[in-house]
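Overview (structure and organization)
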Amino acid sequence: MAATCERSAGSKGITPLANFAIREFQLISTGMWRLRPACNQLTTALAANNVALMREAHEAIVQLVKDWISKLTTTMNKQL
């Protein structure tokens, strides 16, 4: 699956993770792939008009993004 994701990312003009020297940044970028299933869950909840599932999916997405911002900020500050 990872190879498929990398080929897909390359075909969309996304820089391959191997081009980044910072291991922490690579891990953060890899973790961002978890956003897609969370967004799919939100879309499914919206289609079903399931408010409880919408809230759960929304909270998960917000937490994922907050975590990535925090990790990315920490990683970038290490480089300065």
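Residues numbered from 1 in each chain as written. Predicted model: local features only at pLDDT ≥ 70, side-chain atom pairs only at ≥ 80, totals over all residues. Heavy atoms only, no water.

Notes on the overall build of the protein
As a reminder, the rule being used: Segments assigned H or I by DSSP are reported as helices when at least four residues long, segments assigned E as strands when at least two residues long, and all are numbered from the N terminus. What makes two residues a contact is simply this: any of their non-hydrogen atoms within 4.5 Å. Accessible surface area values rest on a Shrake-Rupley calculation with a 1.4 Å probe, where residue burial reflects the displayed protein chains alone.
When helices and strands are tallied, the protein shows 4 helices and 0 strands. Element order for the protein, N to C, with α for helix and β for strand: α-α-α-α. A fraction of 53% describes how many contacts in the protein between residues 6 or more apart in sequence connect residues 24 or more apart. For the protein, the exposed surface amounts to about 6100 Å²; the carbon and sulfur share of it is 61%.

Some remarks on the nonpolar core
To keep things clear, this is the line we draw: Only buried residues count toward a nonpolar core, which is a set of Ala, Val, Leu, Ile, Met, Phe, Trp, Tyr and Cys residues joined through side-chain atoms within 4.5 Å. The classification of residues rests on relative accessible area computed with a 1.4 Å probe and restricted to protein chains. Under 20% of the type maximum is buried, over 50% is exposed, and intermediate values are partly exposed.
The biggest cluster of nonpolar side chains holds 5 residues, and these are I28, A38, I61, L64 and W68. The dominant element in this core, judged by the number of residues it contributes, is helix α4 (residues 51-79), at 3 residues. Ignoring sequence-local partners within four residues, the contact set of I61 consists of L35, A38, C39 and L42.

Overview of unusual backbone geometry
The bulk of non-glycine residues show a negative phi, and the bulk of peptide bonds are trans. One non-glycine residue, N49, lies in positive phi territory at about 55°. On the accessibility criterion, N49 (60% relative accessible area) is exposed.

Quick notes on the environment of R34
Mapped onto the secondary structure, R34 falls in the loop between α2 (23-31) and α3 (35-48). A C-alpha to C-alpha distance of 8.3 Å links R34 and L64, two positions 30 residues apart in sequence. Here R34 is in contact with L64 and W68, once residues within four sequence places are set aside.

Focus on α3
Put simply, the test is: To estimate how far a helix should reach, multiply one less than its number of residues by 1.5 Å.
For α3, built from 14 residues, the straight-helix expectation of 20 Å at 1.5 Å per residue is met to within 8% by its first-to-last C-alpha distance of 20 Å. Backbone geometry just downstream of α3 places N49 in the positive-phi region, at approximately 55°.

Some remarks on the confidence of the model for the protein
Under the convention used in this document: The predictor's confidence in any single residue is recorded as pLDDT, a number from 0 to 100.
A residue-level look at the protein finds 69% of positions with pLDDT of 70 or above and a mean pLDDT of 77. Within the model, the stretch residues 1-5 combines pLDDT values under 50 with 1 contact to residues more than four positions away or in other chains.

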